[in-house]
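Summary of structural features
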Amino acid sequence: MMDNLRTAANGPVLKIVLALIILTFLLTGVTGYLSSESGSYAAKVNGQTISRAQLEQAFLQEKNAQQEKLGDEFSTLLSDEQRLQQLRHQSLERLINATLIEQYARKLGLSASDAQVAQEIRNLPFLQTDGQFDNNKYQEYLNWLSHSNVSPDSFAEQVRQALINRQLEQTVIDGEIALPAEVKQEAALLLQERTVRFATLELKKIEEKQTVTDEELKKYYDENSKHFTVPEKVKVSYLKMDAASELKNVTVSDADIEKYYKSNLTKYTKPEQKKYSFIQLDSEAAAKSVLDELKKGADFSQLASEKSTDKFSAQKGGNLGWMEENSLPNELKSANLTQKGQLSDVIKLTNGYAIFRLDDIKPQEVKPLADVRAEIAKIVEQEKAVDAFYALQRKVSDAAANDNESLAAAEKAAGYQAVTTDWFDRDHVPADINFNQVVQAIFSGNLMDDKGTTGINSDVISVEGDNAFILRVDDVKPETVQSFAQAKPEVTELMKRQKAEKQLQVESEKLLVALKEGKGAQALKDAGVQFEQPTVIKHQSQANQATDVAFTLPHPKEGKPVYGLAQDELGNAVLIQLDKVVPGTVTDEMLKQYRVGYQYQTGNIMLESLITNLRDEADIKFGQLE
């Protein structure tokens, strides 16, 4: 399979796959693929490490995406630890898939020059302010990377990979991807209209007529008693600490602001910038020939457009944009250009030869303190609040440890009273403390044992969002099996529903047979159901199983309807009468619109197939996720 895919690297189908590879990389951003061997790993893919730092970055981006999508409802997601864990695992799966795709793309031998990488870094949106490269942001980002033991060179290599994917994207755009007849056929199917009528046999009505004896109920209970339990429940007391609450106690002085400004002056300094252009050639002889033309007065932009083998910059007359000294690739540094209009000698690249020109120079600029005072005040305020938050944690933790019999000392240290909950089980944790770390501490830690509460205070439990808790379990109700009397209402409901489902299946299938044999009118009357008024449905607007089934039915012949059977989300049986099928009419404009969706759908199938094969052949080891 893999050999066939490699052989087909230039084919239209794989071009679709490669276009979708780019989307996979963008899901977690360039920074998601920076390699860090420090600490434990989240996964290893064919020996390549996905660090926990990478996973946390991808997870953060996934949460940011969900926040933008959900808006005010995002707080509900944050309080649901199970959904957060699902997001974390999804992030890891995307990283693994992207790593496999990156390894596969590398086998295709694709590359990008250092000059292209430098310009791409300057074009990254998160390193720009008002559409221009912001060196302060770049320096901050490099500092952040250094904390994760990631060098600027490692970062550049990931940008190089993104450039390679863009080349693949351009190949897809330029290539023939889907046959017009194929797209037209799919579009016509989506636009097809079917006239149907539905008749519903309600499960609830049948369920209401069911009867069960005490003997049946008792027998069912005895056979399934382990399923009728009252889960373990607890009452807890807790102190919640959060950084946001400390903001109200923070004051920021002019001296604080000035100190921060002087200590972080590089953040507010825009270094000297230089604008470059270049022409790339395949051979040294060709490069020397172009350099001779330039020295004789030939137009640089025109020669770049006509002769440069770097097609990205050639489209802009060789323009590489503005750069700072510390972000220059080694080739440009070796050119040592210092004057406007100055040309370099022929420079050897990893994939050819180049001539660079220094087009313009912008001097260094320093933002005055007055312009950034408000921004710095917020930063200092937040830093002080976080410091106060951690100081409070230490203070309360020490108090709780020194007086382990209650939270009284911890309350005094915190300056407020602990909250005491009502009874709850593991599946119904109060929202305020519904974090995985807190739930684990309560139900799987040392706060209780098989005899009940151990009567000790927890350590500080830190959770996301700069929140922390200290708590104790006040009381425990162990898990118990409900008595027959307690479980009887639930058992009754279960047995009635099971009987109703069996009866509904038999009755609906009998009605379907009668309809197909032409005896449906009387059968429906006897059952007390009837078909609704005709409705026209389209394939593209499917919303439930009944409409799904309606589109699997064969076309009616000689004016005779076709019948089918489905089930709705409530468990009701739905009889379907298909009266008429009208083929979809597709215009040229519609074809243009459908082509994009069809290409994506086809490509997505191929991408899934490729990733499945890559995963089957890969050596994947999972490490520590948290």
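Structure shown above.
Summary of the structure given here. (Residues numbered from 1 in each chain as written. Predicted model: local features only at pLDDT ≥ 70, side-chain atom pairs only at ≥ 80, totals over all residues. Heavy atoms only, no water.)

Let's shift gears to the environment of Glu232. Structurally, Glu232 is set in the loop between strand S6 (229–230) and strand S7 (233–242). Taking the C-alpha atoms as reference, Glu232 lies 5.9 Å from Asp425; in sequence the two are 193 residues apart. (Helix = DSSP H or I, 4+ residues; strand = E, 2+ residues; numbered from the N terminus.)

With that settled, the discussion passes to the packing of aromatic side chains. Tallying each qualifying case throughout the model produces nine aromatic pairs. Between Tyr238 and Phe469 the ring centres are 6.0 Å apart and the planes differ by 65°, which places this aromatic pair in the edge-to-face class. With Tyr238 in strand S7 and Phe469 in strand S19 (residues 467–477), this residue pair connects regions lying 231 residues apart in the sequence. Classification of Phe469 by relative accessible area gives buried; the value is 0%. Plain terms: the ring middles of Phe435 and Phe469 are 5.9 Å apart, the flat faces sit at 45° to each other, and that makes the pair tilted. Here the residue Phe435 occupies a position in the loop between strand S15 (424–425) and helix H20 (436–444), and Phe469 occupies one in strand S19, the gap between them amounting to 34 residues. Among the residues examined, Phe435 registers a relative accessible area of 9% and is labelled buried. The structure contains a cluster of three or more aromatic residues connected by ring pairs, namely Tyr221, Phe228 and Phe484. (Phe/Tyr/Trp six-rings, centres within 6.5 Å; stacked < 30°, edge-to-face > 60°. Buried < 20%, exposed > 50% of the residue type's maximum accessible area, 1.4 Å probe, protein only.)

Within this structure, the stated rule accounts for 18 salt bridges. The residue Lys218 makes a salt bridge to Asp222 at a minimum N-O spacing of 2.9 Å. Here Lys218 pairs with Asp222, and both are found in helix H11 (residues 214–224), just four residues apart, close to one helical turn. A residue is classified by how much of its surface remains accessible, and Asp222, at 45% relative accessible area, is partly exposed. Lys219 is the partner of Glu223 in a salt bridge, and the nearest nitrogen-oxygen pair spans 2.8 Å. Of this pair, Glu223 and Lys219 both sit in helix H11, four residues apart, which is roughly one turn of the helix. (Salt bridge = Lys/Arg side-chain N within 4 Å of Asp/Glu carboxyl O.)

Core analysis: the biggest nonpolar cluster contains 20 residues, and Val234, Val236, Phe424, Ile433, Val438, Ile442 and Val473 have the highest contact counts within it. For this core, the elements supplying multiple residues, two or more each, are S7, H20, strand S18 (461–463) and S19. At five residues, the largest contribution of residues to this core is made by H20. Those residues within four positions of Val234 in sequence are excluded, and the remaining contacts are Asp422, Trp423, Phe424, Ile442, Phe443, Met448, Val473, Asp475 and Val476. Counting 16 residues, the second largest nonpolar core, distinct from the first, contains Val45, Ile50, Ile96 and Tyr104. (Core = buried A, V, L, I, M, F, W, Y, C linked by side-chain atoms within 4.5 Å. Contact = heavy atoms within 4.5 Å.)

Attention now moves to the packing of helix H21 (residues 484–516) against helix H22 (residues 520–527). Direction vectors running N to C along H21 and H22 enclose 155°, while the axes themselves pass 8 Å from each other. On the basis of the axis angle, H21 is roughly antiparallel to H22. Contacts between H21 and H22 involve Leu511, Ala514 and Leu515 from the first element and Gly520, Ala523, Leu524 and Ala527 from the second. Partitioning the contact of H21 with H22 into residue classes produces six nonpolar, one polar and no charged. (Axes fitted to C-alpha atoms, helices over the stretch in contact; angles between N-to-C directions. Parallel < 35°, antiparallel > 145°, perpendicular 65-115°, else oblique. Nonpolar A, V, L, I, M, F, W, Y, C, P; charged D, E, K, R; others polar.)

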